[in-house]
Amino acid sequence: MQINTPFFKQRAHDALADANLQKALGNLKAGFPEKRAIAVSRMPEFEQLRDQGRDLKNHILEHLDLYLEEFERKVIENGGHVHWARTADDANRIILDICQQVDAKTVTKGKSMVTEEIGLNDFLEANGVQPVETDLGEYILQLRHDHPSHIIAPAIHLNLEDVSEAFHANHHRPKSSDPAVLMQEAREVLREKFVAADVGITGANFCVAETGSTIIVTNEGNGDLTQTLPKTHVVVTSIEKVVPTLEDMTLFLRLLARSATGQEFSVYNTLSSGPRREGDQDGPENFHVVLVDNGRSEMVGSEFQDMLRCIRCSACMNHCPVYGAVGGHSYGWVYPGPMGSVLTPQMIGIEKGGMLPNASTFCGKCESVCPVRIPLPKLMRHWREDEFEKHLQPKAARYGLAGWAFLAKRPALYKPYTRMASWMMKTWAGKNGRIKKLPLAGGWTDWRDMPAPQGKTFMQAWKEQQKAGGQQ
Amino acid sequence: MPNISSGPRVGLFVTCLADMFRPSVAFATVKLLEQAGCKAEVPERQTCCGQPAFNSGDRKTTADIARQTIDAFDGYEYVVGPSGSCIGMLHYYPEVFDPSDSYYQRALELKNRSFEITSFLFDVIGMDSLQEQLRQLQFNHKVTYHDSCSGLRQLGIKQQPRQLLQQVQGVELEEMEEAETCCGFGGTFCVKYPEISNRMVSNKSEFISNTGAHTVLGGDLGCLLNMAGKLKREGKQVEARHIVEVLAGMTDTPAIGEADYGLAQQL
Ligand code: SF4
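Residues numbered from 1 in each chain as written. Chains lettered and ligands numbered in written order. Predicted model: local features only at pLDDT ≥ 70, side-chain atom pairs only at ≥ 80, totals over all residues. Heavy atoms only, no water.

**Examining the overall build of chain B**
Helix and strand counts for chain B stand at 15 helices and eight strands. A globule of 267 residues ought to have a C-alpha radius of gyration of about 18 Å, and chain B, at 18 Å, matches this closely. C-alpha extents for chain B along the principal axes are approximately 55 × 50 × 40 Å. Counting across all 267 residues of chain B, residues that qualify as buried make up 62%. Relative to all contacts within chain B whose residues are 6 or more apart in sequence, the contacts with residues 24 or more apart total 76%. Roughly 9,700 Å² of accessible area belongs to chain B as shown, and the carbon and sulfur atoms make up 46% of that amount. (Helix = DSSP H or I, 4+ residues; strand = E, 2+ residues; numbered from the N terminus. Rg over C-alpha atoms; globule rule 2.2 N^0.38 Å. Buried < 20%, exposed > 50% of the residue type's maximum accessible area, 1.4 Å probe, protein only. Contact = heavy atoms within 4.5 Å. Areas by Shrake-Rupley, 256 points an atom, 1.4 Å probe, with all protein chains shown as cover.)

See the structure below:
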């Protein structure tokens, strides 16, 4: 996927002016957070579960190699294949290879952010294999040559009219704006694709080491058809998704559903444990798991390790006031919101991704809802430290900070300086109490007034008062 | 009046914004501390808590300023300031030192004795000693309270200011929608990403005025300057004040961003 992250500001500007998008974001804000709050209030032990989730993920990350090897062993035992992909390119080539081995023309796809991350669709298409997204949101996006703007509600930025137009243009049926009709239309079109597909590609929410199973969690059931109908099922997932046991998996399922959509349990929780065995009524003949690294193993042991706990629930973006203002496309790459602001610089480099960890007030809302307690603001601050050390911040910001630091470290200089600054602003405001336009502070006064200082600084006034008191 | 000299010695962390923009907030804090029986002092060598450096990724400057602040507040039983954000920064100091650094222990120890003012009054001093004072106050207005992020999520300040406010006669507290959502100030964020910040503070301004409150109160001047600036730009009549002004009975000064006629006459 093309990297547009350096243009975050421009994209945010456009997003703020896009009335349709703003309406959609308003719905999101009212939807997921409220549902999550209700689900959490119904479960008194939710905070303890979050602690357990954090601790268990930390344990897994400490022993990642062991659990991955165990998982691999079990998959092979079950008759499946495991492929290790160090980079996005490696992953794409491995998947194409599997498709070519079975002479695949079309592949159906369940929803998967990892395949977005590696740019699988474009790669397959360029190599003569037609991918078909089967998650309704992803399908709509594919028709529109668009990309997800949210990790679990990919088409959240679109409205009904957009969908209606996309279907009309592609399905050659009468135009309808009735959601039920559109849904039925999608079902009919996709059903043919399911049956025709040679390979089904899904992601995985978790990989269970104990049994060699992968699981997908959906609310549409499209994933089930994707993975059971074609002869070959390829699971494309990333290395941090492994959990030790089925029991451990259920802990995360409970956290995931509530944090994501406020459901107690998602509608479809489908486990895949290898190819069809004798006596099985359905299932693929070939079962492959592609374990993508793509920079993750570098995060193990680094200051960003905590980020690998992420279970992709989307709670952080659903509650983020910045995401809520500008939407997911502004972030300019695959992962939006607070989790994207930490992950994206890791995957595309801080030189290109630096805008994101800076676009935060550190309000801490994301951390307060994250089911595995990832300290997202702290990790964004680590990126800022990285930028600072590499002198990547804009010159004006760097010099401004240096000038301020020089004064702040010298109380004897700081005091006369603050006195002067207060006095100047007060004078500038005159008798108005506030300033409408302040030179060098356009970022502030273009949008709001600057309340004027009262006059003297406190340090000055306090000293005078103490002196006067002493003389009495 | 309580016996002033018998109470704990408290170092006032003034905060840059109270120092430069609204000294009356620091004076109100001193008054509240003294009413609570504390001996309030203002260490000379304090400047800023260092948050701008910390949040810009400049660890060295952060550590330098942290050392300066730790030294400046050495020996005080408590350190109290009128800002959850700045006191929250003091609580981050242990993170900026290596545990082998001699300042690490001192940073931990500073963290344990520094408090935001409403939390200090409610959690440390206790309502019993304050109630009598507060009940003598009058503020006959409908107010709404904005929860600033660091105070709320880092320091757990939610009920403290509300409980204290409720003692003041005439105060009618009307909660706004999304009181816990960030106002969009975020230190340098508001000038680095002004349009996003503007959207956030516009939402906030709407939520505030929807309550029909006469005054919006809060515990952090950064947020209050931001919200007051937006309310004024939009021509809304709502006033903005730091909560300590109400709790100390010092609401005769013009609200934030209001014309200071008294001073204008002097000029
Ligand atoms: S960072 Fe936390 S809240 Fe955000 S998607 Fe990941 S697990 Fe969910």
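So, next bit.
**A short note on the nonpolar core**
Core analysis: the largest hydrophobic core is formed by 89 residues, its most contacted members being A:F206, A:V242, A:M307, A:V326, A:Y335, A:M339 and B:I196. Per-element tally for this core: the top contributor is helix α12 (residues 246-260) of chain A, with seven residues. The contact partners of A:F206, leaving out residues within four places of it in the chain, are A:S213, A:T214, A:I215, A:K241, A:V243, A:M249, A:F252, A:L253, A:L256 and A:I311. In terms of nonpolar packing, the next biggest core, distinct from the first, is built from 72 residues, A:A421, B:F27, B:L137 and B:A179 among them. (Core = buried A, V, L, I, M, F, W, Y, C linked by side-chain atoms within 4.5 Å.)

**Let's talk about the packing of aromatic side chains**
Under the definition given, this model contains 19 aromatic pairs over all chains. For the pair A:W333 and A:Y335, a centre-to-centre distance of 6.1 Å together with 70° between the ring planes defines the contact as edge-to-face. What makes A:W333 buried here is its relative accessible area of 7%. Taken together, the aromatic side chains of A:F8, A:Y323, A:Y331, B:F189 and B:Y193 make up a single cluster linked through ring pairs. We note A:K57 situated over the ring of A:F252; from NZ or CZ to the ring centre the distance is 5.3 Å. (Phe/Tyr/Trp six-rings, centres within 6.5 Å; stacked < 30°, edge-to-face > 60°. Lys NZ or Arg CZ within 6 Å of the ring centre and 35° of its normal.)

**What about the sheet that holds strand β5 (residues 206-208) of chain A?**
Pairing in this open sheet of four strands is mixed, and the strands run β8-β5-β6-β9 (chain A) from one edge to the other. If you trace the sheet from one side to the other, it starts and ends with β8 (242-243) and β9 (268-272) of chain A, each paired once. (Pairing = 2+ DSSP bridges.)

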